[in-house]
Structure formats: structure tokens, C-alpha cells
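Spelled out from the first residue to the last, the chains are:
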Amino acid sequence: MRRRLRAHGRPAGPATLVELEEGQGGILDRLDLPEDEARRLMELGFLPGHRVTAALAAPGGDPRVFRVDGAEIALRRETAARLVLRRNGE
Amino acid sequence: MSSCHGCGAAQPLTEMPPGAAAPAKRKTIALVGPPNSGKSTLFNRLTGLRQKVANFPGVTVEKHVGELRLEDGTELNLIDLPGIYSLTPRSEDERVAHDVLHGKMADVPRPDGILLILDSTNLGRHLMLAAPILSLGLPTLVVLNMADDLCARGGKVDAAALASQLGAPVTLISAREGIGVDAVLRFLAGTVATPEPVELPVLQDIPKCREWVARINARARYHAPAPPVWTRRLDSVFLHPVLGPVVFGAVVVAVFQSIFTAAVPLMDGVRQLVTLSGDWLAVALPASPWRSLLVEGVWGGVGSVIVFLPQILLLFLFIGVLEDSGYLARAAVIADRTMARVGLQGKSFIPLLSAYACAVPAILATRTIENKRDRIATILIAPFMTCSARLPVYTLIIAAFIPERPLLGSALGSRAAAMLGLYLLGFLAAVVTARLLKSSVLKSHRATFILEMPPYRWPTLQSLGLRLYDRAKVFLRRAGTVILGVAVVLWILAHLPVQNGQAPPIEHSVVGVIGRTIEPLIRPLGFNWKVGVGLISSLAAREVIVGTLGAIYGMEGNAGSASLQEALRHDLTPAGAVALLVFFAFAMQCMSTIAVVRKETGGWRWPALQFAYMGALAYAGAFIANQLLR
């Protein structure tokens, strides 16, 4: 909850997938993850330049389902926080 | 594990058939594709086999070989492989697919051709697998599955244009509906024209590979389908922060209540049949030791277990609906936080949920878990989940000792609530054990949880029917082999030693002596020697105890499950009954499970530890229950 409020305070919009609100989307910029995990996520569609939209989540907001490249994929908060969005660029 | 295959872990047919010495080498074709793209559904259609299929990624965790006979008489071997996203394996199941494709699997020849199965509603991502697979240089048919879905949701693709882009034949099918499968057969017969091969970029760089896919998709005029409307609608309920868990709870309560209420008339019917046929045999046959063996041993033993068939089938029907509809993946998301708290991940939830049916396929399903320590922890706790073999034991004792009273109006009765409590007890034991393991010997970094949500689909009657049929076969086979065997051995031991041509009273027979030898050990738990004999026999499989008690009481002249309840009430105190339930909730009484844990962990270390731990917990739990309630 706190993170969301902070996200509102920023003019530049959400910085990572975690800060996306339900229904909100953003363009993925990079994956700050070890090579292995980043590859798996890229195979599933989390590619830089692609649009990611936050969908529903489990109670408590974690994990959350994200829509990307025609698929719906659930990620934990800790992973979503490493997927960085492009700033100023909707 | 012979007694438990078919629980979902289908048996691979790896041997060549007798006529395999024929001159021409039989060709091998592999089915390859991303998870949940429908490989096993097509495999089943082509081979007539019944590999388990369900609607979530990672159902197939092992290679399965089947045969196919084409119209011209040519025979082929078909290999169904676990789903892969790329040729870089990350988990055990992906390694199997990788090794088969590269000809590194010892008992399988390198495939002569490939059926590449892709989900046509998801071509943007799925086509990324085409480049590395086509570059293997084997004759390949690109099968775009779920064409019915693509069409219904307004998507389309030009298969011919895609074929010339890929340099490989492409066909649209719906494996589920059986549409377009003839094109696959024509490819297998070698009568499909192959387009000019093209140079494909084998790119380690995934973004570049995705760009390549976007280019060919544009040339093949691929229109991605609209998002599945019903899936969105259902998810807004099932993944709702409040409604989601409420629906989950309601589903669980409804399942337990109907296992008790809806199954009762059917079970009574089977019981009547068993009793009537037993009575008829007793009258029709001349008095002899054989009649006694048949009526008391076989009918008393096997008959008292068969009564539970309707109940087990009902449970499997519910599990089948959950798996085939796609709800299971959502349940895994809801459960992830709880699983994270005990140190596991949501992915462990799917094997654990299928352990409610049987621990053996559940333990095989852990192959999808990438982290080795998480995988072993999940294997070790899986047998705590209440498998269907515990159901007869629980039902028998609950029906004998707990009077039926409504608790939540007609929604939940006291017996269903007691059953629910036992399921929770097993789940708690699993959770606490996981916590212990993950904070000590199996400590590891938190693994990433990534799970794809499949669209919801209607479970087909055929798929549900086949599951029930397979389950009934496994259950009856077990009744006809293990339980029958135990009943016969028990009957013989109960009639030895023969004195003056007469069988001894059962307390003085070999069975009685064995039972009374271990009695001091189990008396603190509130069990007498007959229950003790049942416990020993249930080491083979849990439900055997029902057969054993049925046979022992049958020899005392009380056959049938209803009088089995009376006999139990006479022999067990209520405290002893609770202790027995607790014992069964915790103990690892299943040869099949021990065998599969040994195979999957590669040694006796883990299964031995698991057996000792679960046995100690069962003894301690039953002891405490009996002493507290006495």
C-alpha cells in the first residue's frame, strides 16, 4: 500500500512493475535479474520494449498476474520489483 | 509402484512390440512444444492411449512412448515430451525433452521427425521455439493447435504463408475437438509437400528472436485473438481479494459434504451387492475350508474395501474438474503467500494438491520445480496430504464413532466436518514439516515463482470419464491383487496351526500370536491386537487395514462393512478411534510412495528418513490423542 502512495507522488509514473496499479500498463525497459531468471521471463514474453499490464492479484496483492504478449503470468512482488519500466514513455 | 500407476502417472510403453525384429527400422516421431500447448491431447488422439491431460502448464513430466499404425500399415513410435520454452533446460522435466531431441537419452533413439505443437492463440511467444527446433534439421510439421479457440476469439493466420516463411509445412488443428488431425497423419505418412527450406536465425538473443517472430507473423497475416472474455470474467471472481478465498472455501466444503452425502446411496448399493452375493455363496457352496476362505477371507476382506469405490470416484471427479478447468493455476496463486511463509513456492502447491488423489503422481509432478531443494522438500511433505487411500479408513471410523449432526444447517454435517478436520491435520503436518526442512537441511534462497495462467476451458465429459475409468481400474486392480493377497494370507495364518484337524481359535492362531506380540507396543495408543494386525498389513497400502479388519471380524462371523462398524465400536474406545485416525493421518504406509521417492531422489536416504519421521510422528500423535481423550 505504501509503495502505491509513493508512486502517486512521483511525477514520472511507476518505476517498476510493482508500482503498477491494477489495469495500469507500462513499457518494460530492462530486467534487473540474474541471466538465468531474466531469460526465463523473456521467453514468457517479458521483453524490453513490450507493454506489460497489471491484472488481478492474490489477496494482499502478492503474487500479481501481469498481461504481456498475449499471456497472463503470475509473478511475486520481489520479481516484479526487478522489472524496470521505461520512464516518461507511455 | 506397480500398484499405483495409472493414478495419473501413466506408464511409459518403452519396449518395442514383439514384431519389432522386422527389417525396416521403425521411425520415431517426437511431439515438442511449449507447456500447455496440447501435446498430450494430440498424442492421445494419435495413439489411442490415455496420457493424463489437464489445463495447466507442466502436466507431462516424463517422456511417454506410444505406437501409431498408419493406413498403409507403417508403424511409428510417437514420443510425447514435457513442455519446453527453449532448448535451454532449467528443470528435470525440461531436461528430458532436451536429451531426447539431442539423442542423448539412453533408451530412446534420436527422433526421425518432429511434430512441433504451438498454441495458435499465442503465436507471438510460441513461435520463438520454432527457430531452434527447425534448426535441428529434422523433418518437422508445425502444428498450430487450438484453432477452434483462435477462430472463436476472432484471430486468424495464413498457414500457407507461414509455411513458406518457416520453410516447413504448417497445419491448423484442434486436438481437443479432433479437427484437422488427418493433416498430421498425412505428414506422418510422408505425403505432405515440404516448402523450400529457409535460413533460420538461431539466436541466443531472445529480443532479436522475438523480432524475427513478429516479422514472420506479419507476413503470415497473423491476427492475435481477442482476450478470452470468460476467463477475464471468471478471474474477476476467483482472484477477487475477498470473493476469491470465499469461493475457494465454499468449493472445499461442498466437496467434503458431497463425498459424504452424495456417495452414500451408491455405497449402500455396493454394500448390499457384496452382502447378498456373500450370503448367496455361503448357502450355495458346501461347507468346506474353501467356502470359509471365499466367504470370510475374500468377501469379508476385499468386499469391505470395494464398498468405498463410489466415494473415491466422486473425489476424483472433483479433482478432475479443478484440473481441467484451469482453476488450479489460480488456486496456486492464492496459495503462494501461505506457501512462501513456510519457505516453499506456489509451484509446490500444484503437486501438493494432486497428492490429495495419490502421492505417487504428485511426487513425479515435482519435476517442474526448478530449485532442487524446494523439490526435495515438496517430495518429503507430499505423503502428508490426505490421499484417496486414506478415505476408506477415515470414512469407516468416522461413520462408526461420530453421529451425524448438522453443523452449518444442511451445508456441513458433523461427519464431513470431522473429515475436513483430518484433511487439515495432514496439511498442517505438511506445512510444519516444510518449515522445519526449509529452515534447516534444505535451506535455500527464495526461488522465483513464475506461473502462466491458462484460459479457463470446459472439462470434457470424455476426459473426466477416462479419469474415473482409469481410477476405478487402479482401485479394483489393487483390491484384486494386494488386498486379495493379504486377505488370503491372513485367512491361512488365522487357521494355523491346525490342531486335531481343527483350526485354532483366532487368538491362538499365527495371526493372533503376531498381533498379541506387538500388542504391548500399541496398547498405549488404545489399539488391541486386531488393529495391530491391520496396521502391519496396511504397510503395503493404507486401505488394506479395512480389508484386514473385515476379514478378521468376518472369521468371527461378522461380514460386511455395517457390522464392521459395530465390531469396531466394540473393540475401540472413542479415544482409541481418534488415535487411529491420527495415526493414519501421519504414517507413511504405502510401498508405492516409498518406491517412487527412492527413484526420484536417487537413493534410500530420503525415503528412509521420511518413513522414520512420519512413523514417529504417527506414533507420538496417536499416543497423545489416546492419553488426552481417555
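See the structure shown above.
Note that the coordinates shown come from a computational prediction; the quantities given were computed from them, not determined experimentally. Residue positions within a chain follow its written sequence, with the count starting from 1. Lettering for chains starts from A, numbering for ligands starts from 1, and both go in the order in which the items are written. For a predicted model such as this one, the threshold for reporting local features is a pLDDT of at least 70, and the threshold for listing and counting side-chain atom pairs is 80 or more; totals across whole chains, interfaces and linings nevertheless cover every residue.

(A) Region of interest: the overall build of chain A. Only DSSP runs of H or I reaching four residues or more are called helices, and only runs of E reaching two or more are called strands; each is numbered from the N terminus. The helix and strand inventory of chain A stands at three helices and five strands. Once C-beta atoms are placed from the backbone, each residue is buried if 20 or more other C-beta atoms lie within 10 Å of its own, exposed if 12 or fewer, and partly exposed for counts between those two. Out of the 90 residues belonging to chain A, those deemed buried represent 39%. Long-range pairs, those at least 24 residues apart, make up 50% of the contacts in chain A with a sequence separation of at least 6. Each residue is represented by a C-beta atom placed from its backbone, and any two residues with such atoms within 7 Å are regarded as in contact.

(B) Just unusual backbone geometry, in detail. All names here are of chain A. Residue Pro63 is reached from Asp62 by a cis peptide bond, and omega for that bond is -5 degrees. Structurally, Pro63 is set in the loop between strand 2 (51-57) and strand 3 (64-68). Non-glycine residue Asp69 carries a positive phi angle of around 50 degrees. Structurally, Asp69 is set in the loop between strand 3 and strand 4 (71-75).

(C) The arrangement of helix 2 (residues 35-43) of chain A in detail. Those residues of helix 2 of chain A lying buried are Leu41, Met42 and Glu43 of chain A. Buried positions along helix 2 of chain A lie against strand 1 (25-31) of chain A together with helix 8 (206-219) and strand 7 (450-452) of chain B. Immediately downstream of helix 2 of chain A, the backbone of Gly45 of chain A shows phi near 120 degrees, a positive value.

(D) Inspection of helix 10 (residues 243-261) of chain B at higher detail. Residue and element names in this part refer to chain B. Taking 1.5 Å of rise per residue, 19 residues should cover 27 Å, and helix 10 covers 26 Å from first to last C-alpha, within 8% of that figure. Residues of helix 10 that are buried include every one of Gly244, Val255, Phe256, Gln257, Ile259 and Phe260, and no others. Those residues of helix 10 that are buried lie in contact with helix 9 (229-238), helix 11 (263-284), helix 13 (309-325), helix 14 (327-341) and helix 19 (414-438). The span one expects for a helix is its residue count, reduced by one, times 1.5 Å.

(E) Seen up close, the interface of chain B and chain A. The partner chain A presents 26 residues to the 29 residues of chain B that form the contact. Among the secondary structure elements, those contributing two or more residues to the side of chain B that touches chain A are helix 3 (123-126), helix 8, helix 9, helix 10, helix 14 and strand 7 of chain B. Per-element tally for the side of chain B that touches chain A: the top contributor is helix 14 of chain B, with four residues. Bridging between strand 4 of chain A and strand 7 of chain B involves three bridges; their strand directions are antiparallel. Across the sheet, residue Leu75 of chain A finds its bridge partner in strand 7 of chain B, namely Ile450 of chain B. Strands pair, by our definition, only if DSSP identifies at least two bridges between them.

(F) Looking closely at the sheet that holds strand 5 (residues 83-85) of chain A. Strand order in this open sheet of six strands is 5(A)-1(A)-2(A)-3(A)-4(A)-7(B), and the pairing throughout is antiparallel. Two strands in the sheet have a free side with no partner beyond their single neighbour: strand 5 of chain A together with strand 7 of chain B. Between one strand axis and the next, the sheet turns through 45 degrees on average, direction left out of account. Pairing geometry for strand 1 of chain A and strand 2 of chain A, over three bridges, is antiparallel. What sits directly across from Gly26 of chain A, in strand 2 of chain A, is Val52 of chain A. Helix axes use the C-alpha atoms of the stretch in contact, all axes being lines fitted to C-alpha atoms, and the angles between their N-to-C directions lie in the range 0 to 180 degrees.

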